[in-house]
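The chain contents come next:
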Amino acid sequence: MQNRLREIPSVDEILRREDIRQYISSYSRGFVTHSVRHVLGNMRRDIISGRKVDISKDNIQALINKYIRDMLEPSLKKIVNASGVILHTNLGRAVLSDEAVEAIKVSAAYPVNLELDLEGGKRGDRDSHVEGLICFLTGAEAATVVNNNAAAVLLALNTLGEGKEVIISRGELVEIGGSFRIPEVIQKSGCRLIEVGTTNRTHPADYAAAINPDTAVLLKAHTSNYKVIGFTSSVSLRDLAIIGKQHNIPVVEDLGSGSIMDLSVFGLPGEPVVKDSVEAGADVVTFSGDKLLGGPQSGIIIGRHEFIQRINKNPLKRALRVDKLTIAALEATFRLYLNSDTLKRRLPVLKFLLRPISDIEIIAKEASGLIRERLGKDYSVEVEDSESQIGSGSLPEEVIPTKVISIVHKKLPPEEIFEMFLKTNPPVLGRVHKGRFLLDMRMVEKAGDLFSGY
Ligand SMILES: *Cc1c(COP(=O)(O)O)cnc(C)c1O
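Predicted model, so just to flag it, every value in this text is computed and none were measured. (Residues numbered from 1 in each chain as written. Predicted model: local features only at pLDDT ≥ 70, side-chain atom pairs only at ≥ 80, totals over all residues. Heavy atoms only, no water.)

Participant: With reference to specific residues and values, describe the side chain of Ser368.
Facilitator: With respect to the helices and strands, the residue Ser368 is situated in helix 18 (residues 357-375). Note on Ser368: relative accessible area 3%, which makes it buried. With sequence-adjacent residues up to four places away left out, Ser368 is seen in contact with Val381, Val383 and Ile405. (Helix = DSSP H or I, 4+ residues; strand = E, 2+ residues; numbered from the N terminus. Buried < 20%, exposed > 50% of the residue type's maximum accessible area, 1.4 Å probe, protein only. Contact = heavy atoms within 4.5 Å.)

Shown next, in the form of structure tokens:
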């Protein structure tokens, strides 16, 4: 091993090589030196841990080239979502509308009146740009915005219940993918969790019996990613609000995705509508900006004036607030909801959800032709019926009919085809389903998008 380690050339030696000197003429010497050290360091570590290492001049050069190329290329890339999941958390959830993108550009490129009241020139409030729209669209008295819905729940509970008790049904102790767990959020918000009822059945009397002078919040969490079926019973928000009023305890609802519009008017399965929660008597409601709403990552907190005011005065609000780009995109997104006729063309989430199957089929046929041509005769490439999902925990039981391209190879397992498509330019995310590799065309606008990087 010692001999192998000694065979590795020194950093200085490599820096004198012609190919490397070229890099130094284009980039800083410090960056190139760092790259060489990084590659040699990895080699040393591999040798020490007993791995086989090729320390030839060519291989070292290739590794340095790759490291430098990777550092120079954007790591965050445009990719094609052919996964069949419309709101894919790993792909950044909602794709924004043109209007939202335009608003972000202006906010990014110029100073904006983020916290400046143009009438009078006094200090303004960043929430003021969206609060009016949110209140109109949800029926709430007041609204504020934070970094995501997890932050919204944390901030609402911390404001209303720190050091006190939060009552929630055992049937609603949800975990959302990516480590959001209601019991842990309650604990981190400084509140004590009081569970009532059972996994499948909780009654109004269970809440009433648990209320005591230390109770600060009655919490309802939307069980967005699972269903309890069979012998079940839960307390409706409306009934919980009545209990809250009787005891003068605020009712907070974590709606998860929530929907501004009732999607059932489009024949889609309905996610709870935010306005209905306000109307049913919730004092505070939280939901995500980048799920069904179709906006940027954010958490919206709406509710009664006095509670939103207290939330805004909490020092944690400062730590969880959003930047001007988010406010800009959110404002533009909410504004689209003022016209429900144009909304379904302009809001990508809704456009994808409502895309006619005939449209998807045209793209699927055209794209399958292109793919067949590229892959050659060892692959079978067919258009088939399948199902898309909304994703991000929205309506997990509900699927929407779609058209997919199935790609099967005589010998290659589907997982390898999956990886092969991730290495194309742009990368294409498909899915492996029942032993086959599928590309869902619902979110692919043009067949050529699959190969737009070549
Ligand atoms: C998605 C979800 C969250 C977390 O929202 P983020 O915006 O991802 O932080 C919290 N609660 C419920 C019920 C959810 O569905």
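Participant: Could you give me a rundown of helix 19 (residues 414-422), with the residues and numbers involved?
Facilitator: Regarding helix 19, the residues found buried are Pro414, Ile417 and Phe421. Viewed end-on, helix 19 has its buried residues packed into an arc of 55°, placing them on one side of the element. (Arc of directions from axis to C-beta.)

Participant: Kindly report on the sheet that holds strand 8 (residues 251-254), identifying the contributing residues and their values.
Facilitator: With mixed pairing, the 7 strands of this open sheet are ordered in space as 2-10-9-8-7-3-6. Because the sheet does not close on itself, it has two edges, and the strands there are strand 2 (142-146) and strand 6 (192-196). Taking each pair of neighbouring strands and ignoring which way they run, the sheet shows an average axis angle of 25°. With 5 bridges connecting them, strand 2 and strand 10 (residues 299-303) associate as antiparallel partners. Within strand 10, the residue paired with Ala143 across the bridge is Ile302. (Pairing = 2+ DSSP bridges. Axes fitted to C-alpha atoms, helices over the stretch in contact; angles between N-to-C directions.)

Participant: Would you mind going over the packing of helix 3 (residues 18-26) against helix 5 (residues 57-72) in detail, with residue names and values included?
Facilitator: Put simply, helix 3 and helix 5 touch, their axes get as near as 11 Å, and they point 15° apart. In terms of orientation, helix 3 and helix 5 fall into the roughly parallel class. Relative to helix 5, the crossing made by helix 3 is left-handed. Between helix 3, through Asp19, Ile20 and Tyr23, and helix 5, the contact on the second element is made entirely by Gln61, Ile64, Asn65 and Ile68. For the contact of helix 3 with helix 5, a count of residues per class yields 4 nonpolar, 2 polar and 1 charged. (Parallel < 35°, antiparallel > 145°, perpendicular 65-115°, else oblique. Left-handed = near helix turned anticlockwise from the far one by under 90°. Nonpolar A, V, L, I, M, F, W, Y, C, P; charged D, E, K, R; others polar.)

Participant: Describe the pattern of salt bridges, naming the residues involved and giving the relevant values.
Facilitator: Within this structure, the stated rule accounts for 31 salt bridges. Where Arg4 meets Glu7, a salt bridge forms, and the shortest distance between an N and an O atom there is 3.8 Å. Taken together, the residues Arg4 and Glu7, both in helix 1 (residues 2-7) and 3 residues apart, mark about one turn of the helix. On the accessibility criterion, Glu7 (49% relative accessible area) is partly exposed. Between Arg431 and Asp440 there is a salt bridge; the shortest N-O distance is 4.0 Å. No difference in accessibility class separates Arg431 from Asp440, as the two residues are buried. Taken together, the salt bridges that share partners define one network made up of Glu115, Arg123, Arg126 and Arg321. (Salt bridge = Lys/Arg side-chain N within 4 Å of Asp/Glu carboxyl O.)

Participant: Would you mind going over helix 13 (residues 305-313) in detail, with residue names and values included?
Facilitator: Considered for burial, the residues of helix 13 that qualify are Phe307, Ile308 and Ile311. The arc that holds the buried residues of helix 13, viewed along the axis, is 95°, so those residues lie on one side. In this structure, the buried side of helix 13 is in contact with strand 2, helix 8 (149-161), strand 9 (284-288), strand 10 and helix 14 (315-320).

Participant: Explain unusual backbone geometry to me, and be specific about the residues and the numbers.
Facilitator: Following Asn425, the chain continues into Pro426 via a peptide bond in cis, with omega recorded as -5°. Along the chain, Pro426 falls in the loop between helix 19 and strand 13 (428-429). A positive phi angle, near 60°, is found at Asn248, a position not held by glycine. For Asn248, the location among the structural elements is in the loop between helix 11 (237-247) and strand 8. Here Asn248 falls in the exposed class, since its relative accessible area comes to 72%. In this model, Lys434 sits at a positive phi of 45°, which is unusual for a non-glycine residue. Tracing the backbone shows Lys434 in the loop between strand 14 (431-433) and strand 15 (436-440).

Participant: For the sheet that holds strand 14, give the residues involved together with the corresponding values.
Facilitator: Sheet architecture is open: 4 strands sit in the order 11-12-15-14, paired in antiparallel fashion. On the outer flanks of this sheet lie strand 11 (379-388) and strand 14, each paired with one strand and no other. When strand polarity is set aside, the average angle formed by the axes of neighbouring strands in this sheet is 40°. Examined bridge by bridge, strand 14 and strand 15 share 3 bridges and lie antiparallel to one another. For Arg431, the partnering residue across the bridge sits in strand 15 and is Leu438. In this fold helix 19 packs onto strand 11, strand 12 (400-409), strand 14 and strand 15, with an angle of close to 35° to the strand it touches most, strand 15.

Interpretation note: all reported values are geometric properties and have no functional meaning in isolation.
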